[in-house]
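Spelled out from the first residue to the last, the chains are:
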Protein chains: 4
Amino acid sequence: MNLRQMVQESDTAPGRIFDIAVLVLIAISIISLSVETLPNLSPQFKHSLLIIEIIITMLFTIEYILRIITAPKKLRYIFSFYGIIDLIAIAPFYMLLGIDLYALRALRLLRIFRIIKLVRYSKTMERFGRALAEIREEAIIFFTATAVILYISAAGIHHFEHETQPEVFQSIFHSIWWAVATLTTVGYGDVYPVTAGGRAFTFVVLMCGLGIVAVPAGLISSALSKVRRDEED
Amino acid sequence: MNLRQMVQESDTAPGRIFDIAVLVLIAISIISLSVETLPNLSPQFKHSLLIIEIIITMLFTIEYILRIITAPKKLRYIFSFYGIIDLIAIAPFYMLLGIDLYALRALRLLRIFRIIKLVRYSKTMERFGRALAEIREEAIIFFTATAVILYISAAGIHHFEHETQPEVFQSIFHSIWWAVATLTTVGYGDVYPVTAGGRAFTFVVLMCGLGIVAVPAGLISSALSKVRRDEED
Amino acid sequence: MNLRQMVQESDTAPGRIFDIAVLVLIAISIISLSVETLPNLSPQFKHSLLIIEIIITMLFTIEYILRIITAPKKLRYIFSFYGIIDLIAIAPFYMLLGIDLYALRALRLLRIFRIIKLVRYSKTMERFGRALAEIREEAIIFFTATAVILYISAAGIHHFEHETQPEVFQSIFHSIWWAVATLTTVGYGDVYPVTAGGRAFTFVVLMCGLGIVAVPAGLISSALSKVRRDEED
Amino acid sequence: MNLRQMVQESDTAPGRIFDIAVLVLIAISIISLSVETLPNLSPQFKHSLLIIEIIITMLFTIEYILRIITAPKKLRYIFSFYGIIDLIAIAPFYMLLGIDLYALRALRLLRIFRIIKLVRYSKTMERFGRALAEIREEAIIFFTATAVILYISAAGIHHFEHETQPEVFQSIFHSIWWAVATLTTVGYGDVYPVTAGGRAFTFVVLMCGLGIVAVPAGLISSALSKVRRDEED
């Protein structure tokens, strides 16, 4: 069937045209989404953006319906990773139709997930996904260890700095922000210890913590090499 | 014996229930510990937190006694890593009973080590521990090298910046804080060189030091891979 | 032929002298280029710099002509990497001859590419280039993933912080600057989240993003080892 | 001979005592050196520090003479790495004897190299040294590439930011400080781009530069593994 070929088979001529059309749509959508957030847009321009948004959503909806129709196993597609992303890319629009409640504004944010539709078109991204799957267990170790270290760091710095800087290190919860900014070495400079005890504690925490927070990069890069070697065999 | 099974054998039904109960206790304890540090708590709420703390400590004490009773070798458990952590999780409470001397406040901080009780329940954390053991020697190299580099950096920047910024770089001890924040690349921005000499020195220190400070992440990630391979064999 | 030997064959005596002369020229050119940007230069000094610039460009032009004349395949050299770099090193001067339009000032910047002429003289740089070629595919993955993560981070932080800090997080475009400074862990401290939501989002973004942004270093260092092993075989 | 045994053979009883004595001396020396920089020291205390310094230097001088006397090949020791470090550890004192010219103050700084005397007593540090030797060639690549990238970054940011922030980005030389703080991801926050062009340029520079600046850590950690494997064979 011609439609199935177009939607599902990327290596045929109609399939390639369909894919390029979707890629262009994603690009327009992302640009329009970003432009929308610019301050001081004229009402006419905002209106144009709204019309673009409506057209894009219509086209993504048609794409979604076509993918369901042409899928060999419809339910499997709907509940697949790509199926859910395709749905999230259009759902916020329909859920906000007619209503403009402030509380629902957050839904609009879901539209940024349209960028993830790109993954389908990138073979290299797939390899990245396989590399991540390869290190799933290590990733769990890493996240547990990171959570424990962040908590201990936050509790410790709160103890040392609370009295001197009661505003900044109000509670352990507030101190977690410091722990995040410090252990990732971002160090914005909005929160930092000033007491000798707090600084010594920061030193100890960094010496122990850096080794753990920086581990995943090493894991991912060796997993990528492994996935590549496996492919070459 | 039923009690031993419950406490020591995680793969039986009573063992699993006991483990989950302890995990829930740890979670409640950590949350209550953090909430306690929030500012502007009402006296009633503080009272409730105190009661929760008393109940949790009682239950952890019962857990500790049960573990001693059911341990095949009692002394070995008491002086094991887990035994000491279990003791630290309750000891501060008893040491502070009746007294509220300011100097002893620091003891309360020891309660955050309760979070380390989690390690017993995580097989992946054990693997992490084995990976750390694997690189013990390299870790010693790293810490020695880091200490030497931090000291030389602090002494050097003190020499260059002392006159221009006498407040910030008062002594070598004060300058160590700069060395820590810089060589870990945190860079809060509270202390930084302003003279040409100090900046050139910072450049040299970073070129030599980054390679050393960032090493442990690489060591840990390759040790993790090795531990995993050993397990698979 | 003597001229060809001098220009093309680095392992002969005249070749070595020619190479050293070019290296010295590059060094003088880079220093003069940098000194030119110093504020408060006297008109006489500026005049001297201009004369140095003219002489250097003349000499680089002679070098370029000699390389074309002595190249076994002239067109191939002109369109090779080195040929283009050699042209860029002199072209801006001729394009600005006589005219000093403000809009063309940017062309002067092209002169900094003269530093790339150094690559020809460094065998180790060549190895670096081969290592980069080795990981071309992974580099594409990395750049795609980085672009996607930066965009999602910017859109997310804009959502959380826009209302509290409308000046700093004006639009998604403005927020990308925050995403760049944060995910590379530079953290200048000119832009950072202040709301609880924004901070929690930053935490999530850093946990997911650090593993990706820090990957290329791992890839390059393993590619360098591989290139070296291949050479040794 | 008894003296030779004491000085040169660490595995005998007198050798061990000698080594421990030197280690204690190094520690006292480093502490006294640091305390000296503290502000508001009383004249009496400063006097005590001076006496400690004189005694330490005398003892290090005796150590140096003993090492020369007992060395199997005297000249070889004097010009060895350890021999030079041992000399630097005492030379500044003698060069400053009687004179206290301001210009010679910098010589006092040389005393911090006493900390490097520690290396002799650490077998693990030796392994670190061998690992560094292993990657000598790659280190040269890295330093060349880093220098080129820093220069191009500085020249570029100067072009973009010079007009908007003439004070901060005065010249290419001033801009190198920004390039160092940014590409090492320290990001103090004292210097950062504010124009759209400068920010876009920073993004490009970071994407290209991070992969290079972070490479040495990977190289060192894999060299350490290699050195270890070689030892085990």
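Residues numbered from 1 in each chain as written. Chains lettered and ligands numbered in written order. Predicted model: local features only at pLDDT ≥ 70, side-chain atom pairs only at ≥ 80, totals over all residues. Heavy atoms only, no water.

1. Details of the overall build of chain A
No. 1: Per the secondary structure count, chain A includes twelve helices and zero strands.
No. 2: Element order for chain A, N to C, with α for helix and β for strand: α-α-α-α-α-α-α-α-α-α-α-α.
No. 3: In terms of C-alpha radius of gyration, chain A reaches 24 Å, well past the compact-globule figure of 17 Å for 233 residues.
No. 4: A principal-axis box enclosing the C-alpha atoms of chain A has dimensions of 75 × 60 × 30 Å.
No. 5: Every one of the 233 residues in chain A was classed for burial, and the buried ones make up 48%. (Helix = DSSP H or I, 4+ residues; strand = E, 2+ residues; numbered from the N terminus. Rg over C-alpha atoms; globule rule 2.2 N^0.38 Å. Buried < 20%, exposed > 50% of the residue type's maximum accessible area, 1.4 Å probe, protein only.)

2. A short note on the interface of chain A and chain B
No. 1: Listed as interface residues are 39 residues of chain A and, on the opposing side, 36 residues of chain B.
No. 2: Approximately 3600 Å² of surface area, both sides summed, lies buried where chain A meets chain B, with 73% of it carried by carbon and sulfur atoms.
No. 3: If you sort the residues of chain A by the area they bury against chain B, Ile141, Tyr151 and Met207 of chain A come out on top, with a joint share of 18%.
No. 4: Across the contact surface, chain A and chain B share one salt bridge.
No. 5: For the pair chain A and chain B, the number of links is six residue pairs in polar contact (both at pLDDT 80 or more). (Contact = heavy atoms within 4.5 Å. Buried area = accessible area lost by both parts, 1.4 Å probe. Salt bridge = Lys/Arg side-chain N within 4 Å of Asp/Glu carboxyl O. Polar contact = N/O pair within 3.5 Å; in protein donor to acceptor, adjacent residues only side chain to side chain.)

3. Points about the interface of chain A and chain C
No. 1: Tallying the contact residues gives 36 residues for chain A and 40 residues for chain C.
No. 2: Where chain A abuts chain C, roughly 3500 Å² becomes buried across the two surfaces, and 72% of that area is made up of carbon and sulfur atoms.
No. 3: Counting every contact that joins chain A to chain C gives one salt bridge.
No. 4: We note a salt bridge from Arg199 of chain C to Asp190 of chain A, for which the minimum N-O separation is 3.7 Å.
No. 5: The interface formed by chain A and chain C includes six residue pairs in polar contact (both at pLDDT 80 or more).
No. 6: Put simply, the parts of the chain that give the side of chain A that touches chain C at least two residues each are helix H2 (13-35), helix H7 (105-109), helix H8 (123-134), helix H9 (136-161), helix H10 (172-183) and helix H12 (215-232) of chain A.
No. 7: For the side of chain A that touches chain C, the per-class residue count stands at 25 nonpolar, eight polar and three charged. (Nonpolar A, V, L, I, M, F, W, Y, C, P; charged D, E, K, R; others polar.)

4. Looking at the relation of the copies chain A and chain C
One chain copy maps onto the other through a rotation about an axis and a shift parallel to that axis.
No. 1: The operation relating chain A to chain C is a screw motion whose rotation component is 90°, with 0.0 Å of axial translation and a residual RMSD of 0.1 Å. The superposition of one copy onto the other is thereby described by a four-fold rotation axis.
No. 2: Looking at the interface residues of chain A, only 11% of them are also at the interface in chain C, so each copy uses its own face. (Least-squares fit on C-alpha atoms with pLDDT ≥ 70 in both.)

5. Details of a nonpolar patch on the surface
All names here are of chain A.
No. 1: A contiguous nonpolar patch, built from Leu50, Ile51, Ile54, Ile55, Met58, Leu59, Ile62, Tyr94 and Leu97 and spanning about 770 Å² of accessible area, is present on the exposed surface.
No. 2: Looking at the nonpolar patch, the element that brings in the most residues is helix H3 (residues 43-70), giving seven residues.
No. 3: As for its placement among the helices and strands, Leu50 is situated in helix H3. (Patch = residues over 30% accessible without salt bridge, like charges linked within 9 Å, V, L, I, M, F, W, Y side chains within 5 Å. Areas by Shrake-Rupley, 256 points an atom, 1.4 Å probe, with all protein chains shown as cover.)

6. A closer look at the packing of aromatic side chains
No. 1: Tallied over the entire structure, the rule returns 28 aromatic pairs over all chains.
No. 2: Where Phe93 of chain B meets Tyr94 of chain B, the ring centres are 5.4 Å apart and the plane angle is 90°; that geometry is what we call edge-to-face.
No. 3: When the ring of Phe169 of chain C is compared with that of Trp178 of chain C, the centres are 6.5 Å apart and the planes differ by 70°; the resulting orientation is edge-to-face.
No. 4: Feature note: the residues Trp177 and Tyr188 of chain A together with Tyr192 of chain C constitute an aromatic cluster, connected by ring pairs.
No. 5: The positively charged end of Lys117 of chain A is found above the aromatic ring belonging to Phe60 of chain A, 4.4 Å away from the centroid. (Phe/Tyr/Trp six-rings, centres within 6.5 Å; stacked < 30°, edge-to-face > 60°. Lys NZ or Arg CZ within 6 Å of the ring centre and 35° of its normal.)

7. Side note on the side chain of Ser29 of chain A
No. 1: Note that Ser29 of chain A resides in helix H2.
No. 2: When residues no more than four places from it in sequence are discounted, the contact partners of Ser29 of chain A are Ile56, Phe60 and Arg114 of chain A.

8. Remarks on the confidence of the model for chain A
No. 1: For chain A, the average pLDDT comes to 84, and 93% of its residues sit at 70 or higher.
No. 2: Per the prediction output, this complex has pTM 0.86; the corresponding ipTM is 0.85. (pLDDT = per-residue confidence, 0-100.)

9. Details of the packing of helix H3 (residues 43-70) of chain B against helix H5 (residues 81-88) of chain B
All names here are of chain B.
No. 1: Taken N-terminus to C-terminus, the directions of H3 and H5 make an angle of 150°; their axes are 9 Å apart at the nearest point. Comparing their axes, H5 and H3 come out roughly antiparallel. At the point where H3 passes H5, the crossing takes the left-handed sense. Contact residues: H3 offers Glu63, Tyr64 and Arg67, while H5 offers Gly83, Asp86 and Leu87.
No. 2: When its residues are assigned to classes, the contact of H3 with H5 shows two nonpolar, one polar and three charged. (Axes fitted to C-alpha atoms, helices over the stretch in contact; angles between N-to-C directions. Parallel < 35°, antiparallel > 145°, perpendicular 65-115°, else oblique. Left-handed = near helix turned anticlockwise from the far one by under 90°.)

10. As for H2 of chain A
No. 1: Taking 1.5 Å per residue as the helical rise, H2 of chain A with its 23 residues ought to reach 33 Å, and the 33 Å between its terminal C-alpha atoms agrees with that figure.
No. 2: Regarding H2 of chain A, the residues found buried are Gly15, Phe18, Asp19, Val22, Leu25, Ile26, Ser29, Ile30, Ser32, Leu33, Ser34 and Val35 of chain A.
No. 3: On its buried side, H2 of chain A packs onto helix H1 (2-8) and H3 of chain A together with helix H9 (136-161) and helix H10 (172-183) of chain C. (Expected span 1.5 Å × (residues − 1).)

11. Regarding the nonpolar core
No. 1: Counting residues in each nonpolar core, the largest one holds 225 residues, and the members touching the most others are Leu224 of chain A, Leu224 of chain B, Leu224 of chain C together with Leu224 of chain D.
No. 2: Not counting the four nearest positions on each side in its chain, Leu224 of chain A is found in contact with Arg127, Phe128 and Ala131 of chain A together with Glu138, Ile141, Val215 and Leu219 of chain C. (Core = buried A, V, L, I, M, F, W, Y, C linked by side-chain atoms within 4.5 Å.)

12. Some details on the side chain of Asp86 of chain B
All names here are of chain B.
No. 1: For Asp86, the location among the structural elements is in helix H5.
No. 2: Residue Asp86 is classed as buried on the basis of its relative accessible area, which comes to 2%.
No. 3: Of note is the side chain of Asp86, whose polar atom sits 3.0 Å from the side chain of Lys117.
No. 4: For Asp86, the residues in contact, after removing those within four places along its chain, are Glu63, Tyr64, Arg67, Tyr77, Lys117 and Arg120.

13. A short note on the relation of the copies chain A and chain B
No. 1: The transform that puts chain A on chain B rotates by 90° and translates by 0.0 Å along the axis, for an RMSD of 0.1 Å.
No. 2: The share of interface residues of chain A whose copies in chain B are also at the interface is only 10%, consistent with the copies meeting through different surfaces.

14. Digging into unusual backbone geometry
A negative phi angle characterises most non-glycine residues, just as the trans form characterises most peptide bonds.
No. 1: Despite not being glycine, Asn40 of chain A has its phi angle at roughly 60°, a positive value.
No. 2: The topology assignment puts Asn40 of chain A in the loop between H2 and H3.

15. Overview of the environment of Pro166 of chain B
No. 1: On the secondary structure map, Pro166 of chain B appears in the loop between helix H9 (136-161) and helix H10 (172-183).
No. 2: For Pro166 of chain B, a relative accessible area of 42% gives the class partly exposed.

16. What to know about the environment of Pro72 of chain C
No. 1: Examined against the element boundaries, Pro72 of chain C turns out to sit in the loop between helix H3 (43-70) and helix H4 (74-78).
No. 2: The spatial distance from the C-alpha of Pro72 of chain C to the C-alpha of Gln8 of chain C is 9.6 Å, given a sequence separation of 64 residues.

17. Comments concerning the pattern of salt bridges
No. 1: Counted by the stated rule, this structure contains 32 salt bridges over all chains.
No. 2: Through salt bridges with shared partners, a single network forms among Glu36, Glu53, Arg111 and Arg114 of chain A.

18. Topic: the environment of Ala139 of chain D
No. 1: Structurally, Ala139 of chain D is set in helix H9 (residues 136-161).
No. 2: When the C-alpha positions of Ala139 of chain D and Ile220 of chain D are compared, they lie 9.4 Å apart, and in sequence the two are 81 residues distant.

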